[in-house]
Amino acid sequence: MSIGLDCQNDLSDSIQKLNPKSKLFVLREAPQTLFPKLFKAWNVTHLVFERDTDAYARGRDLVVTELAKKAGVEVITRYGRTLWDSDEVVAKHGGKPTMSITQLQAAGNAVGDIPKPIPAPAHLPDPGDMPLDFEQDKPTTAGFDDLNAPHRSGGDNGDNTYRAGIAGMSGDFAVETLEELGFPAAAATTPHRGGETIALGKLDAIMADAEYTATFRKPQTSPAAFEPQSTTLLSPALHFGALSPRLFYWRARTVVDAYRGKGGPSKPPESLTGQLLFRDMYFAAQAAVGAPFTQTLGNAHCRFIPWHLPSKITATATTADEEAGAVDAAASNTSPYDVDSAQAERWFRRWAGGTTGFPFVDALMRQLRREGWIHHLGRHLVACFLTRGGCYVHWERGADVFAELLLDHEPACNAGNWQWLSCAAFYSQYYRVYSPVAFGKKWDPRGDLIRRYVPELAALDARYIYEPWKAPGKALEEAGVRVVGDGLGEGEEKGEGGTYPEPMFDFAERRGACLAAMKAAYSVGLHGDDERARDGTWRELFEQAGQTEMQGNFDDAGDDDGEHADDAEHEVRRGKHGRGMSDTIREGPMDRHVKRLKI
DNA sequence: AAATGAGTTGCTGAG
DNA sequence: TCTCAGCAACTCATT
């Protein structure tokens, strides 16, 4: 099962219902190389597509539009990924990124009313002839760090997509199958399914509950609820285009406007429509900032904070890069990083693998890895923990992991939220720190989420389930678990043999160290576009501020496990951290790759 | 123009 | 069970 394939199959079925001769015709080749051949072979007169504001997509769309022009093909574009057209929002906001919900609302209102969704077509014309008298070009894959490769089976990574020919294994332009992509069907562990039919059904069910819809307040929804979840779980549908955000918005507005319950409906930003506004805020912010939005360097709106494990900067943005578009973007390295501290690297690996020794953090990270979705507030906790509230690891590391694992991954929302939680941008109250113990307890005193996703602790008394290292020997014995190990071993600390790792640090101590470091970073006040952030002279400023917790300052005294930063560095590439990577099937690798550019 | 209040989502402990 | 001050103190919008 795979949400992406669900969506394509469902769309194809819907098209076929309108015209049995038609369906979704899938061609296995990058548009940059395919379209010029197709324009000619199929006598194409019009090319219609939806614009997209992600850095990769902008480059691709530019190339495709240029190719169409050259071939005399008329290009028609539409935009419906957000409530308002993000570029229009930016224009109304003076070309600047929308950095708060008030700014987004003001700029959006200046653009005008949120467009009403248009109905699906009632009929479709027959498809024309589709001759394939041309060669297939495989995309360049040199140096391409394919996130899905470890999940494939069979030789050559098991990817048959481009060997099957342009029209697929049966030559009928069918939607690709998991088999064709090289995935054993059992590899996908997510219970979440996709497709427009399911999404619209869910939307109907949610809207039918007027009380839930009209009084929805995000901060009041539980991050620990899993059956059912406390929020709509429609974000993957928005991501895959199976649900229009404008349809969602106007359906919700209708319910809200009609609501006469006591206390009245909830309002943005906490309400359901408010959640869609936040999405627009991040999209518009990215539309204004461009490619540097997903990184610190070159981003004037993102604070420079000398976190551990900074991204290596390997590429320089050039016109040639832009013109090369998708193929080369995908071929570039994906976010390698410097291991400035072996300890931070171990913390990062344990965080990513769900073996930090803090059960609520581990439960969430394992839920994310297995199912591809966790509640927004759960994302808050684990993001705060990795960055300003524990590990002091760069938010770009966390964003990379989320990009890989999330079914609802949007580059703009992901980068924006990581900046928010790390207090690098959008949010600045860094002294509000989530506790890996208290936060979960507040929502889930019995520890049901932990029992579900950290089964080795399932039988532990609720009094100790958030802090098993404090449990008396008797309680642990009764629960059949030993608290032992560093969470990076090859088996015993993952739960086999009834063990659970020790906490990887004293949280109160780390909280204090991080707070002091954040205070220093705020007083220094550099941003990503500052020359000193790039040339290394930032270090003097932080030393003057009396700060020691920072990038490049080794905190590994007393380390005796033989792992040194220099050794670790060579192994560290995205997709290799943590363990148990064979989980959720990831969709569409193109938009998962984040290039950290030298600006 | 300086001051004030608000900001989707912190934690702890007292009353 | 709930509310609130204290913790230490950021940025933005409004007045």
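Note that the coordinates shown come from a computational prediction; the quantities given were computed from them, not determined experimentally.

## Considerations on the overall build of chain A
When you go through chain A residue by residue, the secondary structure sums to 24 helices and six strands. In chain A, which comprises 599 residues, the share counted as buried stands at 54%. Taking contacts inside chain A between residues at least 6 apart in sequence as the whole, the part at least 24 apart equals 76%. Working note: accessible area of chain A is about 25,400 Å², and carbon and sulfur atoms make up 52% of it.

## What about the protein's contact with DNA strand B?
Neighbouring DNA strand B are 20 residues, the closest being P219, F278, L377, H380 and S435. If you look at DNA strand B and keep only atoms within 4 Å of the protein, 39% of those are sugar or phosphate atoms. A distance of 3.4 Å separates a base nitrogen of DNA strand B from a polar atom in the side chain of R432. Between DNA strand B and F439, the relevant distance is 3.3 Å, taken from a phosphate oxygen to a main-chain nitrogen or oxygen of the residue. Breaking the surface near DNA strand B down by element, the ones donating at least two residues are α11 (272–289), α15 (376–386) and α18 (438–443). The residue makeup of the surface near DNA strand B, split by class, is eleven nonpolar, five polar and four charged.

## Quick look at the packing of aromatic side chains
In the structure shown here, the tally under the stated rule is 28 aromatic pairs. Ring centres of Y212 and F216 lie 5.7 Å apart, and the angle between their planes is 75 degrees; this geometry places the pair in the edge-to-face category. On the accessibility criterion, Y212 (25% relative accessible area) is partly exposed. Following the ring pairs from residue to residue traces out a cluster consisting of Y337, F348, W351, F402 and W418. For K116, the ring lying beneath its charged end belongs to W250, and the centroid distance is 4.4 Å. Between the NZ or CZ atom of R303 and the centre of the ring of Y522, over which it lies, the distance is 3.8 Å.

## Description of the packing of helix α7 (residues 196–208) against helix α10 (residues 245–258)
Contact pair α7 / α10: the axes reach a minimum separation of 10 Å and the direction vectors enclose 15 degrees. Classed by the angle they form, the pair α7 and α10 counts as roughly parallel. Relative to α10, the crossing made by α7 is right-handed. On α10, the residues touching L200, L203, D204 and M207 of α7 are L247, F248, R251, A252 and V255. Of the residues contributing to the contact of α7 with α10, the split by class is seven nonpolar, no polar and two charged.

Rules used in this analysis
Residues numbered from 1 in each chain as written. Chains lettered and ligands numbered in written order. Predicted model: local features only at pLDDT ≥ 70, side-chain atom pairs only at ≥ 80, totals over all residues. Heavy atoms only, no water. Helix = DSSP H or I, 4+ residues; strand = E, 2+ residues; numbered from the N terminus. Buried < 20%, exposed > 50% of the residue type's maximum accessible area, 1.4 Å probe, protein only. Contact = heavy atoms within 4.5 Å. Areas by Shrake-Rupley, 256 points an atom, 1.4 Å probe, with all protein chains shown as cover. Near = heavy atom within 4 Å. Polar contact = N/O pair within 3.5 Å; in protein donor to acceptor, adjacent residues only side chain to side chain. Nonpolar A, V, L, I, M, F, W, Y, C, P; charged D, E, K, R; others polar. Phe/Tyr/Trp six-rings, centres within 6.5 Å; stacked < 30°, edge-to-face > 60°. Lys NZ or Arg CZ within 6 Å of the ring centre and 35° of its normal. Axes fitted to C-alpha atoms, helices over the stretch in contact; angles between N-to-C directions. Parallel < 35°, antiparallel > 145°, perpendicular 65-115°, else oblique. Left-handed = near helix turned anticlockwise from the far one by under 90°.

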